[in-house]
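Topology and contacts: notes
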Amino acid sequence: MTVTAPRGFRAAGVAAGLKSGGATDVALVVNDGPDAGVAGVFTTNRVRAAPVRWTQQVVRGGVVRAVVLNSGGANACTGPAGFQDTHATAEHTAAALTASSPRLRLGAGDVAVCSTGLIGERLPMDKLLPGVRTAIRALARDGGPAAAEAIMTTDTRPKTTVARGAGWSVGGMAKGAGMLAPGMATMLCVLTTDAVAGPELLDAALRAATRVTFDRVDSDGCMSTNDTVLLLSSGASGVEPDEAELTAAVTAACHDLAQQLVADAEGATKEVAIEVVGAADEDDAVEVGRSVARNNLVKTALFGNDPNWGRILAAVGTTAAAFDPDAVDVAVNGIWVCRSGAAAEDRSKVDLTGRDVTIRIDLHAGAAAATIWTNDLSHAYVHENSAYST
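This text gives an overview of the structure that appears in the document. All chains use their own residue numbering, which begins from 1 and follows the written sequence. Predicted model: local features are reported for residues with pLDDT of at least 70 only, side-chain atom pairs are reported and counted for 80 or more only, and whole-chain, interface and lining totals are derived from all residues. Derived side-chain values reflect all non-hydrogen atoms in the structure, with water molecules and hydrogen atoms excluded from consideration.

Let's shift gears to the overall build of the chain. Check the secondary structure of the chain and you find 10 helices and 15 strands. Based on C-alpha atoms, the radius of gyration is set beside the globule rule, defined as 2.2 Å times the residue count to the power 0.38. The C-alpha atoms of the chain give 22 Å as radius of gyration, which agrees with the globular expectation for 390 residues (21 Å, within 12%). Considering the chain as a whole, with its 390 residues, one finds that 57% of them fall into the buried category. Pairs of residues are marked as contacts when any of their non-hydrogen atoms sit within 4.5 Å. Intrachain contacts of the chain at a sequence separation of at least 6 include 80% that bridge at least 24 residues. Surface accessibility in these figures is a Shrake-Rupley result with a 1.4 Å probe; residues are shielded only by whichever protein chains are displayed. Accessible surface, the chain as shown: approximately 14600 Å² in total, 51% of it carbon and sulfur. Here the chain holds 32 positive side-chain charges and 43 negative ones, and the gap between their average locations is 7 Å. What counts as a helix is a DSSP run of H or I of at least four residues, what counts as a strand is a run of E of at least two, and both are numbered from the N terminus. Here's how the labels work: a residue is buried when its accessible area is under 20% of the maximum for its type, exposed when over 50%, partly exposed in between, all with a 1.4 Å probe on protein chains only. Counting rule applied: Lys, Arg positive; Asp, Glu negative; His and chain ends not counted. Note that the charge is assigned to NZ on lysines, CZ on arginines, CG on aspartates and CD on glutamates.

Shown next, in the form of structure tokens:
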């Protein structure tokens with residue numbers, strides 16, 4: 001159920017001292033091949049962390065042999081020195097891996113770098129680089145779980161997945177519990193496959209998958225500076241799936257991880273699916289769903305088990321989507337509390353005592369649909385984020 005489920009990959013997770021308390025904080029994923037294809041999607045935030053800028057350059061080359069990831073520091077907003085730290089990390093990783101396994105013969109351009117943690121502070125390179133060497137010594141075919149734990153920040157549990165094809169598979173790990181609002185992906189995620197697939201096919205499959213999974217997670221409306229999703233192919237299975245088959249498997253893996261992100265969102269007591277149907281087009285459906293997902297009045301009402309459909313309708317009305325306000329229907333957990341833009345069934349029938357919530361909005365404006373996943377806004381979320389950097 002991890003990045004090492006597909007053949008051709010090793011991983012490790014170790015403690016380098018970047019986090020206080022001795023928790024693991026450096027992860028390494030190595031592609032032993034024979035292939036080394038890669039695709040990636042990244043944050044669209046204009047303020048991008050140094051590892052994002054580095055890895056975007058690396059991915060353009062279409063080849064990645066290793067991904068080094070650290071928690072305990074985002075290396076974002078750290079200026080030219082921070083970018084040099086990322087470059088040095090890639091160089092060090094490449095040299096150390098080549099020394100440990102000369103057949104790899106890596107250069108810095110073969111190494112993707114991902115970081116997560118507090119924004120605005122330089123990484124302690126005197127700890128990170130020795131941590132990379134420790135991770136190389138710990139590399140193993142069963143090292144995926146340790147790697148998934150090492151990339152956690154405010155996550156309460158690691159997030160891993162596997163999706164299987166006919167003689168090949170897709171594995172993955174992700175981290176994310178806050179700053180979950182996409183402009184491409186939503187967090188750090190490494191996906192691996194032993195299918196035979198080149199960079200173009202990987203890119204098509206990954207973009208199709210993230211569009212309907214990670215791009216539809218909107219926990220708190222806050223976009224990170226470090227969001228990165230990478231898909232690596234080893235080709236070790238010898239099986240070459242077609243685009244539809246690969247896309248289906250990558251999408252299944254991404255969907256599983258996306259649901260785990262929502263379930264572990266900071267302070268969440270509800271996992272909320274906002275289903276928008278009857279939209280004029282998919283963009284309208286996504287816009288409406290995201291508007292409801294980001295509405296603090298809706299989110300706090302859900303935390304208080306209050307099916308306040310008026311807040312939902314008000315959020316719908318802030319969008320540019322095509323609809324007639326007097327035709328909109330809203331259901332909460334199967335109870336149609338709003339019909340034709342007005343009160344319908346008794347809201348007291350809505351049971352919000354469980355963790356799972358479904359809000360269904362019918363715009364009656366067309367045939368398109370989309371689902372956005374979010375969570376409620378709790379006291380615990382405010383508490384955790386009010387003192388995150390102190």
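Being paired, for any two strands, means DSSP has found at least two bridges between them. Within the open sheet, the 6 strands sit side by side as β13-β12-β11-β14-β10-β15. Their pairing is mixed. The open sheet has two edge strands with one neighbour each: β13 (342-343) and β15 (368-375). In this sheet, strand β14 (residues 356-362) lies alongside strand β10 (residues 271-279) in parallel orientation, the contact comprising 7 bridges. Residue pairing in the sheet places V276 in a bridge with I361 of β14.

Its place among the elements puts A166 in the loop between β6 (159-164) and β7 (169-175). Taking C-alpha positions, A166 is 35 Å from N375, a pair spaced 209 residues apart along the chain.

Our focus in this paragraph is the environment of A380. For A380, the position within the fold is in helix α10 (residues 379-386). Distance from A380 to G267, taken between C-alpha atoms, is 4.6 Å for residues 113 residues apart in sequence.

Turning to the nonpolar core, a few remarks are in order. Ranked by internal contacts, the top residues of the largest apolar core, which has 54 residues, are L28, V67, L69, L97 and M173. Filtering out sequence-adjacent residues up to four positions away, L97 remains in contact with L28, V30, A66, L104, L106, I136 and L139. We define a nonpolar core as any set of buried Ala, Val, Leu, Ile, Met, Phe, Trp, Tyr and Cys residues linked to one another through side-chain atoms lying within 4.5 Å.

Interhelical geometry of helix α1 (residues 50-60) versus helix α2 (residues 79-100) gives an angle of 50 degrees and a closest axis separation of 8 Å. Here α1 lies oblique to α2, going by the angle between them. For α1 against α2, the interelement crossing comes out right-handed. Residues A50, P51, R53, W54 and Q57 of α1 lie in contact with α2, whose contacting residues are G82, F83, T86, H87 and A90. Within the contact of α1 with α2, the residues separate by chemical class into 5 nonpolar, 4 polar and 1 charged. The axes are straight lines fitted to the C-alpha atoms, using for helices just the contacting stretch, and the angles between their N-to-C directions are given from 0 to 180°. Throughout this description, any angle smaller than 35 degrees is read as roughly parallel, any larger than 145 degrees as roughly antiparallel, any in the 65 to 115 degree range as roughly perpendicular, and the remainder as oblique. Note on convention: near helix rotated counterclockwise from far helix by under a right angle means a left-handed crossing. Clockwise means right-handed. In this classification, the charged set is Asp, Glu, Lys and Arg, the nonpolar set is Ala, Val, Leu, Ile, Met, Phe, Trp, Tyr, Cys and Pro, and all remaining amino acids, among them Gly, are polar.

We now examine the pairing of β6. Strand residues, when the strand is regular, have side chains that alternate between the two faces of the sheet. For β6, the tally of buried residues reaches 5 of 6 residues, placing the bulk of the element in the interior. Bridge analysis of β6 against β7 gives 6 bridges, and the strand direction is antiparallel. From the neighbouring strand, T161 faces β7, where its bridge partner is G172. The loop that links β6 with its antiparallel partner β7 comprises 4 residues; one of these, G167, has a positive phi angle of about 90 degrees.

Time to look at the sheet that holds strand β4 (residues 66-70). Strand order in this open sheet of 4 strands is β1-β2-β4-β5, and the pairing throughout is mixed. Two strands in the sheet have a free side with no partner beyond their single neighbour: β1 (9-14) and β5 (111-115). Put simply, the sheet's adjacent strands are angled 10 degrees from each other on average, direction ignored. Where β4 lies against β5, 5 bridges are found, and the strand directions are parallel.

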